[in-house]
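Coordinate inspection notes
These are the residues of each chain, in order.
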Amino acid sequence: QVQPLESGGGLVQAGGSLRLSCAASGRAFSRYAMGWFRQAPGKEREFVAAVAGSSGSYSAYYADSVKGRFTISRDNGKNTVYLQMNSLKPEDTAVYYCAVATSGIGISSGYDYWGQGTQVTVSS
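What you see is a predicted model, and the numbers here were worked out from it, not measured in a lab.

Reading the values: rules and limits
- Residues numbered from 1 in each chain as written.
- Predicted model: local features only at pLDDT ≥ 70, side-chain atom pairs only at ≥ 80, totals over all residues.
- Heavy atoms only, no water.
- Salt bridge = Lys/Arg side-chain N within 4 Å of Asp/Glu carboxyl O.
- Helix = DSSP H or I, 4+ residues; strand = E, 2+ residues; numbered from the N terminus.
- Buried < 20%, exposed > 50% of the residue type's maximum accessible area, 1.4 Å probe, protein only.
- Core = buried A, V, L, I, M, F, W, Y, C linked by side-chain atoms within 4.5 Å.
- Contact = heavy atoms within 4.5 Å.
- Polar contact = N/O pair within 3.5 Å; in protein donor to acceptor, adjacent residues only side chain to side chain.

Turning our attention to the pattern of salt bridges. Following the criterion strictly, the structure yields 4 salt bridges and no others. Across the pair D92 and R38 runs a salt bridge, and its minimum N-O distance is 2.9 Å. Of this pair, D92 sits in the loop between β8 (80–85) and β9 (94–101) while R38 sits in strand β4 (residues 33–39), and the two are 54 residues apart along the sequence. For the residue pair D92 and R38, the accessibility class agrees, reading buried in each case. The residue D92 makes a salt bridge to R69 at a minimum N-O spacing of 2.7 Å. Residue D92 is located in the loop between β8 and β9, and its partner R69 is located in the loop between β6 (60–62) and β7 (70–75); the two are separated by 23 residues in the primary sequence. Taken individually, D92 and R69 each receive the classification buried, so the pair is uniform in this respect.

This is the structure we're talking about:
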């Protein structure tokens, strides 16, 4: 079992920054692809960013809506993936979920395990 656990959400003003963290268990963490998704009230869950596992050279992928503002990174020694969010906008308000693709392949789909989510609220 791999159970991701998110942290770092909160309330921030528009233009501000937050960093989300996601710790996941498993000795094969470096092989996992890791993704961030979000779900705003009344909307479907959407892809935000992903970082491939070792077989994918840890390449990063982003939704168009966050490119240039968000950065995904990973620390394999800590079994942790991060989402640095800058220049936040009110429309970034959502519950953010971390997901694990044990296959190592996952951009917007293919995830096996999901965290409980962390709330991010951006005030205008």
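Back to the write-up after that little detour.
Nonpolar side chains in soluble globular proteins tend to be buried together. By size, the foremost hydrophobic cluster in this structure holds 36 residues, and its most contacted members are M34, W36, L83, M85 and Y96. At the level of secondary structure, the elements contributing two or more residues to this core comprise β3 (18–23), β4, β5 (46–51), β7, β8, β9 and β11 (118–123). Among the elements that make up this core, the one with the highest residue count is β9 (6 residues). The residues touching Y96, leaving out its near neighbours within four places in the chain, are E6, L20, W36, F37, R38, V48, F70, L83, M85, G117, T118 and V120.

You can see N79 is positioned in the loop between β7 and β8. Among the polar contacts made by the side chain of N79, one reaches the main-chain carbonyl oxygen of G26 at a distance of 3.0 Å. When residues no more than four places from it in sequence are discounted, the contact partners of N79 are C22, A23, A24, S25, G26 and F29.

None of this, on its own, says anything about what the molecule does.
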